Structures are given as C-alpha cells and as structure tokens.
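Topology and contacts: notes
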Amino acid sequence: MSELVRFEKRGAIGVITVDNPPVNALSPGVPEGMAECVAKGNADPDVKAMVLIGQGGKFIAGADIKQMGKGNTTPTEWRETVEMSEKPVVAAIQGYALGGGLETAMLCNYRIASETAKIGQPEVAIGIIPGAGGTQRVPRLAGVQAALDMIVGGEHYPSSAGKDLGILDDIYSDDGFLDAAIAYAEKVADVRPLPRVRDNDAKLAEAKDNPGIFDAMRKKIARKARNQRAPYACIEGVEAAVNLPFDDGLAKERELFKELVAADEAKSLRYAFFTERQARNVPDIPKDTPITKVASVAVIGGGTMGSGITMTCADAGLPVRILEMNEEALTKAMDRIRSTYEVSVKRGSITAEQVEERMARITPVTSYSDLGDCDMVIEAVFERMDVKIPVFKQLDQSMKQGAILATNSSALDIDEIAAATNRPESVIGTHFFSPANVMKLLEIVRGEKTSKEIVASCQRFAQQIAKVGVVCGNCDGFLANRSRVPFNLEMNLLIEDGALPQDVDKVMYDFGYPMGPFAVADLAGNDIGWEGRKRRYAANPDARKLPIPDTICEMGRFGQKTRAGWFDYKEGDRTPYPSDVVEKIISDYREEAGITPKSFTEEEILRRILFSSINEICKILDEGIAYKATDADVMWLNGFGFPRYRGGVMFWADQIGVKAVYDQISAWYDELGDRWAPSPYLKKLAEEGKSFTSD
Ligand code: T1G
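Keep in mind that what you see is a predicted model, and the values were worked out from it rather than measured.

This next bit is on the side chain of Arg111. Within the element layout of this structure, Arg111 appears in strand β6 (residues 110-114). Despite its burial, Arg111 pairs with no opposite charge, the nearest such side chain being Asp169 at 4.1 Å. Those residues in contact with Arg111 that sit more than four places away from it in its chain are Ala91, Ala105, Met106, Leu141, Ile167, Leu168, Asp169, Asp170 and Val197.

Shown next as structure tokens:
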C-alpha cells in the first residue's frame, strides 16, 4: 500500500485516507492506493463498509495538473475497483472535491460533505473536460441542466448546493466530521443493492425529451467561449450521457479529453494556472519570511476605487473601516457600495442576506483616530502626490507600529510617498484594478525601503482577498501600466499611419479581447486619457502629441457617455458604429501631416500593438523592476483582459519565437524610429536562443 493512501479500521469501518500534500491531487500512486485499500476492505471479513477521506481537512483537488500534457496516460482500472466494491464506500468530503476529486467521490456509493466544503468540475478552466466520468455521472445525480451549468461553468459550489442538486447525500459539521462519516458508513453498511451512480438514468429524461437544452447552452456561452473548444466539448460530453449507454458515454468523454489535453488551449490555460501561483515567489523573499496577518483593514477614500477596495475586503470576510472627509462623502460612499451589492443580488450572484453580512463588516469613519488599530490601511484618494502626501503624514501619526501603509496609486512614486513617513519600510503599493471588487489583479509595488516582511504580508493579503498578487519594483507606471503604454501609443499611431479604429478593434476582438481598445476607450471615457495627455504636454512640451484623439476630445466626443467618441452610438444602444466624423478627422490629419495612408494586414496590426508592449516588458525586466516575464503575463491576464486561452502576452510571443519577435522589432526600429529600439534584454535572449517564459 502506498504511503500516499493508508487504510485503518475503526470498528467495522475501513477508513481510507488520501495523504498527498499540498492538495491531495491524484498524483501517480494515489489512484492505485485507493483501489488497493478498497480491495483490502472488501477482503477483510471484519469490514462492513468504508469511508474515503482526505488528510489535512481536504478531500481531493483533482488530477495532478503538473503531470498533464506529458503524454503519460493514467491507468483507469482503479476506478472500476472502487465503483464495483462489494461493500459500501462513503466519500467524506472536506475542503474541496474538485475535478477528479469529485469524480472519485461519484465512484463511491455515497457522498457526504462538511458544511464548508466545496465541490466542482473546474476542468474547463484549464482547457479540458472532466476525464474520469464527470460528464456522465454529474447529470445522473444532478440532472442535465445542472450538470451543464456546473461543468461548462467550472465554478466551485458550496456543499449545501451540492446537496440541493443531489450530488451529495448529506452535510455534517466540520467538527467531528470523520466520526460523522464513520457513523454514516455504519448506517448504510447493510443497504443492498449498493447504489451506483452509473445505474441511475432517471434524471437524464429531462433532456431526452428536450434535446434543445444543448443548443441553448451553446448559444448561451457563445460570447465568453469565443475561439475556445473546451466549453463546447463539455456540452458534447454531457450530451453523450443522454444519448449513449453509460460505457459508450465514458468512451466519448475519453476521446474528447484526449483531444483537448494536448491542444494549445489547454497548454496555455495550464500555464496561466501555474504562473499565477508562481507569481507568489519573489526571488529575494524567502517563503518563510514572517508576515503580518491582516485581520482588519482601513481604506482612505470612498470614491470608485476606495469603495471597490472596501467591498473586496468585506467580501473576504474582513472587518473594514472606510474614511472620508465628511459625513456627506461617507454617506455617498456607503450608498455606492450598497447599490453595487444590490446589482449583484439582481444578477443572482449573491443573496440579500449576504449583502447585509458584508455591509455589517464595513464601518464608516471620518477620523483617523478611528483607524489606528487596523493591521493595514489602503489609501485610495485622488491620484495626485499633493493629495497623497498629507494622507500618509496623517497615517504615520495614526496607525499602530507594524501596520501596513499601502497606497492604491497606479503609477506615482512609492519612494516619494514613503519618504513622507517615518516608517518607509512599512509603505508599499497595492494597486487594484477597476472595478476593484471584480478585477483579480493586485499589483504589489515595493519601494526602495519596503521591508521583505511587508511585501510578504501583502502577498498573503492578496490571497486572503482572493486576488492574484504580483510583486514588482517602483517606476513610473510600475509593471502593469508601464507595459501598456506602448500598446496605447501604437494603436493611435496605426490610425495616423493608415488604419481605422474599427480595423484595430476587429483585430484585437478576433484575437480574443472582450472588446476592441478603441471601444474600451469610448466605454471608459476618452476625456480620462485626454486629461493625462494635457498634463504631460504641460509638464513636457517635447512630449509626443496625439492630435487625433486630442481633436476628438476637443469636439466633446468622450465616448459612450456623450454618444460619440471614436465611434458613434445610438440612444440606448452601446454598439459602436464607425463614424464618418472620426474618419474625416483622421484623413484631415493625415493630409495636413503629409502622411500617405498605408494598408495593414491584421497580423501586422496585432504584432505592432503587442510587440511594442513585449519590448517594454523586456526593458522593465532589464531594469529589475519586473522579476520574471511570467509575472507580466499574470498581470495582463488578470488586469487587462488578455485572452486567458492564449496564456499571456509573453507566452504567446514564445509561440512565435523570441528571435522572430526580436527580428521584427529590429525591422520596425529601422522603419519607424527610436520607439522601436529593441531592448538589450530581448536581444540577448534572442542571441542565446532562449524563451521568455520557460526556464
Ligand atoms: N494538480 C497539481 N498541483 C496543484 C493542483 C492540481 N490539481 N491544485 C493545486 N496545485 C498546487 C498549486 O500549483 C500550488 O502549488 C499548491 O498546489 C497550492 O495551490 C481527471 C483531469 C485546490 C482550490 O482544477 O483550484 O481533475 O505553488 O495555492 O489557494 O477529470 O489549488 O504551492 O507549488 O491554489 O488552497 C481539476 C485546481 C484538475 C483544481 C486549492 N482540479 N486547484 O487552492 O492552494 S483536472 C482543479 C485549485 C482533473 C479529471 C481532470 C486550487 C485549490 P505551489 P493553491 P489554494
């Protein structure tokens, strides 16, 4: 018997424990170990029933993703041993049963879970489908529509929902859960015939009489699943459960799984999964660096960002105090928070009861003296140094020693802010992306004097609030926004050179962005970028001007809010329509500037825009502001909507090849000038034949 899975007897119950830290993945040896233990229980006349449980308060997190795509095929005989056990096997789920973990539980005769456990089939999130019977057994337990929702959505469900759906037989307290599971096994020990999920087709009937259920699902996911195969394969797997005998359905599932697991989509999504976790490793910060556990947070500023950050903390179960200058501003902030939650209630993503629970965690205050005992404070006031500095001077007076003093600034100098306090070692950037309660990225910016403990504490805090934390150094725009500057410049210069906004938007939309960048500018408001450019023009008369967007803004074409921007909009319709007015602005500019418009291929537009940022990321890596190219990918996936099924902008570049990227940038350097000067980091990588993202 493998040490990964052990068997022990508690009276007449055989307890089988999976012990494969950190998440009890079904690594080689675990499936075989479970089968061996079930066989051992069946062979032991003193054993009447068995419990399958996981060590460490978690059941099984699924197949070992690290083993995927390596061509090794996992044996499947173990599944039959478990499913055809002569004695009842009870899956006792704590923590989580995900993917192959839930599939293992569905091989068992019964499934119970603890109150805080979660279950799910999240395989679609890594570009595959359940490959161990999930598409065949979930519909038999939960019905076809529920199975489609669970498998195509890939979400984790609370155990209460699992019971309501019929996947779980009962729920017990986390305390004494193993004893409850043993008692449950004793209760069912003599039940015959043994219930087996495969034998029960009753819940498939709903779809046999309504095959349209599958096309309706395909229609429903079309926008989000664009350019992807796995979500549609999930539907095909469940469809096979309805239309084929069980074993044929399993075979169909296996065929779909094999096709997907080796495809680029799955490789990219596995890459995204692991790099988000690798981002937690900061080269000079040991994993055992002491951290401040954040148990209470203060937020300064109740504007859009401050409210969103406050909600993020409340959503994570943290008590949070929000400070504004006066009662009126505070009331406005609290109303904004409540109304945002109420939109989520209308959407069905949270309940009214959860809104009250979260609102109760938020304490509005107007005095800094009400914040002093918080473990962390996040400043989210206006993005101007002359506004932030006084706040940090005040925080330096008010906050307890050891508190984390964080700024939500998106670009300003962390060192300058830190210098306003007597404790620069406690000052750090925690840059949230708008809307802060939705976007997953948390850019953690360390100043020259920020201590390792504070950095490590913020990394841990990011996990606490379900964000993806990425650490970088301090420079104008940090890693995220600085890497996006060339993207924004290049898209505008392409318009000067001959492309139209709709050409660029089509390329980026077809590539996988949810919206084209000019449509995004119209959504966010062109005046925001315009204000920034005017500040830059005033500060530096030699700064490159962008006459076309400036003219558009001078005409008051700020975007959707003025029903005119880069595109035209109709009343009550957010669809961007190409604008004759804008095309005239563009052609007039080109004529005045003596530019003969060029025509671009779609690939040229795509590479002009993305290669410009890839070159900038190389410069940021060269300066040591970014630690690894994969961190930039994590930021682009979680902060900028880069299509996840392409892995990340650097991972995508690796598929083209570093040398090819370097050669193209060098060619544009010759043709288009200094802004395309290749980074020495890029040149070196190309010469050494290395890649951006693999060691
Ligand atoms: N395989 C390998 N390593 C895994 C893993 C997995 N399934 N899940 C997590 N890890 C590693 C992770 O990389 C990290 O490593 C450490 O464990 C802690 O993870 C047959 C084929 C389970 C909810 O998709 O959702 O089953 O960085 O930081 O926040 O049909 O991990 O420490 O070196 O995320 O407590 C389906 C994926 C697989 C679940 C725990 N299952 N994992 O969250 O820890 S496909 C999944 C998660 C499948 C079947 C198919 C989360 C978690 P390191 P963590 P966490």
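Turning to the packing of helix α25 (residues 602-622) against helix α27 (residues 649-656), a few remarks are in order. One can describe the packing of α25 onto α27 by two numbers: an axis separation of 10 Å at closest approach and a directional angle of 110 degrees. Classified by the angle between their axes, α25 and α27 sit roughly perpendicular to one another. Seen along the crossing, α25 lies across α27 with a hand that is left-handed. Together, Leu606, Arg607, Leu610, Phe611, Ile614, Ile617 and Cys618 of α25 and Val649, Met650, Trp652, Ala653 and Ile656 of α27 make up the contact between the two elements. Counted by class, the contact of α25 with α27 contains 11 nonpolar, no polar and 1 charged residues.

All right, on to a positive patch on the surface then. A cluster of like positive charges, contributed by Arg277, Arg280, Lys287, Lys293 and Arg460, occupies part of the molecular surface. Structurally, Lys293 is set in the loop between α12 (264-278) and β10 (297-300).

A separate point is the domain arrangement of the protein. One can read the domain layout of the protein as domain 1 (5-262), domain 2 (297-479), domain 3 (499-593) and domain 4 (602-688). Placing a centre on the C-alpha atoms of domain 1 and another on those of domain 2 gives a separation of 40 Å.

Within this model, the second largest pocket holds a volume of roughly 580 Å³. The wall of the second largest pocket is formed by 25 residues, among which Tyr271, Thr630, Thr693, Ser694 and Asp695 lie closest to the centre. Looking at the lining of the second largest pocket, the elements with two or more residues in it are α12, α26 (629-639), α27 and α29 (680-687). If one sorts the elements of the lining of the second largest pocket by residue count, α12 sits on top with 6 residues. Its residues assigned to classes, the lining of the second largest pocket shows 11 nonpolar, 7 polar and 7 charged. Shared between two domains, the lining of the second largest pocket takes at least three residues from each, and those domains are domain 1 (5-262) and domain 4 (602-688).

Let's shift gears to the packing of aromatic side chains. For the coordinates displayed, the defined rule picks out 18 aromatic pairs. Taking the centre distance of 6.0 Å and the plane angle of 40 degrees together, the rings of Trp530 and Phe558 count as tilted. Taken together, the residues Trp530 in helix α22 (residues 526-539) and Phe558 in the loop between α23 (547-554) and β18 (567-568) connect sequence positions 28 residues apart. Of the two residues examined, Trp530 and Phe558, each falls in the buried class. Across from the ring centre of Tyr509, 3.5 Å away, lies the NZ or CZ of Arg226, which sits over that ring. Stacked on the ring of Phe273, the Lys or Arg Arg277 has its end atom at 3.7 Å from the ring centre.

This part is about the sheet that holds strand β12 (residues 362-365). As summarised here, the arrangement of the 8 strands in space is β12-β11-β10-β13-β14-β15-β16-β17, forming an open sheet in which the pairing is mixed. Only two strands of the sheet have a single partner each, and these edge strands are β12 and β17 (468-472). Across the sheet, the axes of successive neighbouring strands diverge by a mean angle of 25 degrees, strand direction being ignored. Of the pairings in the sheet, the one linking strand β16 (residues 441-446) to β17 comprises 5 bridges and is parallel in character. Within β17, the position partnered with Leu442 by the bridge is Gly469.

Reading the values: rules and limits
Residues numbered from 1 in each chain as written. Predicted model: local features only at pLDDT ≥ 70, side-chain atom pairs only at ≥ 80, totals over all residues. Heavy atoms only, no water. Helix = DSSP H or I, 4+ residues; strand = E, 2+ residues; numbered from the N terminus. Buried < 20%, exposed > 50% of the residue type's maximum accessible area, 1.4 Å probe, protein only. Lys, Arg positive; Asp, Glu negative; His and termini not counted. Salt bridge = Lys/Arg side-chain N within 4 Å of Asp/Glu carboxyl O. Contact = heavy atoms within 4.5 Å. Axes fitted to C-alpha atoms, helices over the stretch in contact; angles between N-to-C directions. Parallel < 35°, antiparallel > 145°, perpendicular 65-115°, else oblique. Left-handed = near helix turned anticlockwise from the far one by under 90°. Nonpolar A, V, L, I, M, F, W, Y, C, P; charged D, E, K, R; others polar. Patch = residues over 30% accessible without salt bridge, like charges linked within 9 Å, V, L, I, M, F, W, Y side chains within 5 Å. Areas by Shrake-Rupley, 256 points an atom, 1.4 Å probe, with all protein chains shown as cover. Charge placed at Lys NZ, Arg CZ, Asp CG, Glu CD. Domains from an automatic or database assignment. 1 Å grid on protein atoms, 1.4 Å probe; cavity = no way out; pocket = protein on both sides within 12 Å on 5 of 7 lines; lining within 4 Å. Points joined across faces, edges and corners; volume = space filled by probe spheres on them. Phe/Tyr/Trp six-rings, centres within 6.5 Å; stacked < 30°, edge-to-face > 60°. Lys NZ or Arg CZ within 6 Å of the ring centre and 35° of its normal. Pairing = 2+ DSSP bridges.

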